[in-house]
Amino acid sequence: MAQASGKSAGKSFFGKFGVHIAVLIFVVIWTIPTLGILVSSLRDKDQIIASGWWNSFSSSTQTEAGRLPGPEAQVEKDGRFVIEGNIFGDGPARTISAFGVRSATPTQFQAGQAADLGDGVTLQLNPDGTFVLSSPVAIEGRGQRVYYASSAPPRFTTENYETVLFSEGIGRSFINSLTVTVPATIIPIMIAAFAAYALAWMRFPGRALIIATIIGLLVVPLQMTLIPLLQLYNGVALFFGVPSKTYLGIWLAHTGFGLPFAIYLLRSYMAGLPKELMESARIDGASDFEIFLKIVLPLSFPVLASFAIFQFLWVWNDLLVAIVFLGSGSDQLVLTGKLNALLGSRGGDWEILTTSAFVTIIVPLIVFFSLQRYFVRGLLAGSVKGG
Amino acid sequence: MAAQILSAIITIIIGVGGAIAYFWGANRLLDLIFPSRGVSGMAAVDNLRRQGLIRPWLFVGPALLIVTVYLIYPVVQTLYLSFHDRTGENFIGTANYQWAFGDREFRNSIFNNILWLAVVPAACTFLGLVIAVLTDKIWWGTIAKSLIFLPLAISFVGASVIWKFIYEYRGEGQTQIGLLNAIIQGLGGTPQVWISLPFWNNFFLMVILIWIQTGFAMVILSAALRGIPEETIEAAVIDGANPFQVFWKIMIPQIWGTIAVVWTTITILVLKVFDIVLTMTNGQWNSQVLANLMFDWMFRGGGDFGRGATIAIIIMVAVLPIMVWNIRQANKEGGR
């Protein structure tokens, strides 16, 4: 576009080419972060800290330390005392490029070469990890310390997922999140649909005031409501002798917070339905209840779907309401809360964090990709009114 | 766990069934009390009129009740609490507000919030507009838009983990596993602990929100751009306007209303932003914002509801002009 001028606006070869490159750059910047945690979550946990995830398809090189077996493993062979074995033991196979016996010079000797350790003692460490330590006199003391540079082939695994799902409690939090999200998505729909119909198609005093109030409430920051609601919940809990942090409590809270947007979205859609439909039905003797149930509700399916997706994503991704209205025990901690807790307790364990993060975002991503059309429609209806 | 799933399913059934039962039952009851069929003409007309007076309230009733309990009452109560001490019992006038404006952390939050407000909505709108214009010109634009739109589905906490991984720091000379430090080191620079650099860390946190919200701006603006009549652009091109003139003088003025909507929507979001700061820094290293500070005061030392409420009111005051503007816009269009 920068090259183009006059009537050939953006149509020159370089202009076109530039647009492709520019969009590609944007796409790469926007997808790389997510790709990073997806790839990392599938990597071996030792490799995650050994090399950047963008190197995960090439071998990662790291310096390791090991100890050879002690004197009890030695055998006498041709007058020399020899210890043989494999430095990796039962660990994953790696390739050794160099080794050493002092931490200051961990790569002093080439792999496969017999290193002279002094006093006639030699150590040979082969690329595959097998070693031969040979000494003219009986070997004493602790096993010889060995440092080596090894490169491991890329290793991908689902181990991290098994760990977080079953032993880190992410699996349980996943169920908790579903328990919160599904009712909190379904309950407001019915309530909002009736209210939206009344506000769109029924005449009654105070209607304009209610509509204005709903639109005003759209922008009320959630923070405004938290303290009084927390007090209210505590009061109710004390009065009836029940716990104050319950699933019922958070379902109703999410319903309350979602209603203004639901009513607003549904009302503007329902108000746009053709008037003749309602009138002819009314002439046929249908009541408002029947009109709503048989005509308006089926026609409003797209907007109901839009709202459902919105509310689902909103509730699933919410952290604030969940940590205020639910407890932090494993039976109530939702995914976002769990992830937040893990960030504190497992701050450096990237195999846990990346995997947990991916588990928390996978559901929204599936919902998003399969129902993107409705989602976009809802966004447009909610933001560009009449546009 | 099974009990929990079962109780959730039962709740859904009770909730939805209850709603249906209420709406159906209330209607039925209304028809029984004021029958419009099977009574004489005058009475039927009378009863229909009465039905018409009551029925709307049956429909909006549940919504009004919930909205009142969960939104209207709390807003009023928060205002009340902001003039009371930490227990919420003793009236202390404007002491909480005086405390707030004298508090170093609060002033730091205000400063940071202003910074966020200045950068994030502008960056999202600008990038969204640029991407919307560019993707419109190429055949794989829809795919590109989908991918840029994708972060919108990711939670703030999830996004924080994603970006924390990018900002990850290892000592100088070590293998960097954070992308940003790897690039910096690769270019010969010194790796940094990005999120603890005072002042600049704000921008590293903002990047997360911009990454999430640009897709939103892009989708809305892209739809608005499509709505621009072809003729206006063609006419300008024939008159010899260059692409930049077409963009700034023809396209932008026609989508000005949409830009305002996108801008205000993101502005409101920025004022409420909490999760990103909580998970990335929890307000340390001078990165505090109002929403997180408020949350902090709700629970800090057993909780000071008076101060928490005061901060909530201050966030609300910032949103108020947008609220008024919204209602005005809606009224202008007229309730159909």
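Residues numbered from 1 in each chain as written. Chains lettered and ligands numbered in written order. Predicted model: local features only at pLDDT ≥ 70, side-chain atom pairs only at ≥ 80, totals over all residues. Heavy atoms only, no water.

I'd love a proper account of the overall build of chain B, names of residues and values included.
Within chain B one finds 14 helices and 0 strands. The C-alpha atoms of chain B give a radius of gyration of 27 Å, which is well past the 20 Å a tight globule of 336 residues would have. For chain B, the C-alpha atoms occupy an extent of roughly 95 × 70 × 50 Å along the three principal directions. Looking at the 336 residues of chain B, the share that counts as buried comes to 52%. When the accessible surface of chain B is split by element, carbon and sulfur atoms take 67% of a total near 15200 Å². Across chain B, the mean location of the 20 positive side-chain charges is 6 Å away from that of the 17 negative side-chain charges. (Helix = DSSP H or I, 4+ residues; strand = E, 2+ residues; numbered from the N terminus. Rg over C-alpha atoms; globule rule 2.2 N^0.38 Å. Buried < 20%, exposed > 50% of the residue type's maximum accessible area, 1.4 Å probe, protein only. Areas by Shrake-Rupley, 256 points an atom, 1.4 Å probe, with all protein chains shown as cover. Lys, Arg positive; Asp, Glu negative; His and termini not counted. Charge placed at Lys NZ, Arg CZ, Asp CG, Glu CD.)

For the pairing of strand E7 (residues 121-125) of chain A, give the residues involved together with the corresponding values.
All names here are of chain A. Burial along E7 is one-sided: Val 121, Leu 123 and Leu 125 are buried, while Thr 122 and Gln 124, pointing the other way, are not. The pairing of strand E6 (residues 114-118) with E7 spans 4 bridges and is antiparallel. Bridge pairing in E7 links Gly 118 to Val 121. Hairpin remark: E6 followed by E7, antiparallel, with 2 residues in the connecting loop; positive phi at Asp 119, about 55°. With 4 bridges joining them, E7 and strand E8 (residues 130-135) adopt antiparallel strand pairing. (Pairing = 2+ DSSP bridges.)

Outline helix H9 (residues 288-299) of chain A, supporting the account with residue identities and numerical values.
Working note: α-helix, 3.6 residues per turn, so residues spaced by three or four point in the same direction. With 12 residues, H9(A) extends 15 Å from end C-alpha to end C-alpha; this agrees with the ideal 16 Å at 1.5 Å per step. In the core, the buried residues of H9(A) are packed alongside helix H4 (170-201), helix H7 (247-271) and helix H8 (275-283) of chain A together with helix H1 (2-33) and helix H2 (41-81) of chain B. (Expected span 1.5 Å × (residues − 1). Contact = heavy atoms within 4.5 Å.)

Explain the domain arrangement of chain B to me, and be specific about the residues and the numbers.
Often the size quoted for an interface is simply the accessible area lost on bringing the parts together. The domain architecture assigned to chain B consists of domain 1 (2-81) and domain 2 (98-333). Placing the centre of domain 1 of chain B and that of domain 2 of chain B at their C-alpha centroids yields a distance of 40 Å. (Domains from an automatic or database assignment.)

Could you give an account of the packing of aromatic side chains, with specific residues and numbers?
A complete count under the given rule lists 41 aromatic pairs over all chains for this structure. Summarising the aromatic geometry, the rings of A:Phe204 and B:Trp57 are spaced 5.1 Å apart at their centres and angled 70° between planes, so their arrangement reads as edge-to-face. Remark: B:Trp57 occurs in helix H2 and A:Phe204 occurs in the loop between H4 and helix H5 (207-217); the pair is interchain, linking two chains. Overall, the relative accessible area of 8% leaves A:Phe204 in the buried class. (Phe/Tyr/Trp six-rings, centres within 6.5 Å; stacked < 30°, edge-to-face > 60°.)

Which residues make up the side chain of B:Thr214, and what are the values?
The topology assignment puts B:Thr214 in helix H8 (residues 200-226). On the basis of relative accessible area, B:Thr214 is assigned to the buried category, the value being 0%.

Pulling in residues and values, what's your account of a nonpolar patch on the surface?
Residue and element names in this part refer to chain A. Taken together, the side chains of Phe 17, Ile 21, Ile 25 and Ile 29 define a hydrophobic patch exposed on the protein surface, amounting to about 370 Å² of accessible area. Within the secondary structure layout, Ile 29 lies in helix H1 (residues 13-41). In this structure Ile 29 comes out as partly exposed when scored by relative accessible area, which is 44%. (Patch = residues over 30% accessible without salt bridge, like charges linked within 9 Å, V, L, I, M, F, W, Y side chains within 5 Å. Salt bridge = Lys/Arg side-chain N within 4 Å of Asp/Glu carboxyl O.)

Let's hear about the pairing of E8(A): which residues, and what values?
For strand E3 (residues 80-86) of chain A and E8(A), the ladder comprises 6 bridges, and the chain directions are antiparallel. For A:Glu84, the partnering residue across the bridge sits in E8(A) and is A:Val132.

So what's going on with the domain arrangement of chain A? Which residues, and what values?
Each assigned domain of chain A is listed here: domain 1 (6-56), domain 2 (60-152) and domain 3 (161-383). On a C-alpha basis, the centres of domain 1 of chain A and domain 2 of chain A stand 43 Å from each other.

I'd love a proper account of the interface of chain B and chain A, names of residues and values included.
With 110 residues of chain B at the interface, the matching set in chain A holds 118 residues. Carbon and sulfur atoms make up 79% of the surface buried where chain B meets chain A, a total of about 10300 Å² over both sides. Put simply, chain B and chain A have 0 salt bridges between them. Linking chain B with chain A are 9 residue pairs in polar contact (both at pLDDT 80 or more), by the criterion used here. Top element by residues in the side of chain B that touches chain A is H2(B). It accounts for 20 residues. Among the residues making up the side of chain B that touches chain A, the classes are represented as 81 nonpolar, 19 polar and 10 charged. (Buried area = accessible area lost by both parts, 1.4 Å probe. Polar contact = N/O pair within 3.5 Å; in protein donor to acceptor, adjacent residues only side chain to side chain. Nonpolar A, V, L, I, M, F, W, Y, C, P; charged D, E, K, R; others polar.)

Hey, could you go over the side chain of B:Thr281 for me, with residue numbers and the actual values?
Residue and element names in this part refer to chain B. If you trace the backbone, Thr 281 turns up in the loop between helix H12 (275-280) and helix H13 (290-299). Among the residues examined, Thr 281 registers a relative accessible area of 2% and is labelled buried. Leave out the neighbours within four places in its chain, and Thr 281 touches Ile 195, Leu 205 and Ser 287.

Lay out the environment of B:Val130 with the relevant residues and their values.
Residues and elements named next belong to chain B. Secondary-structure assignment places Val 130 in helix H4 (residues 104-135). Residue classification places Val 130 among the partly exposed positions, given a relative accessible area of 24%. With 34 residues separating them in the primary sequence, Val 130 and Asn 96 have C-alpha atoms 44 Å apart.

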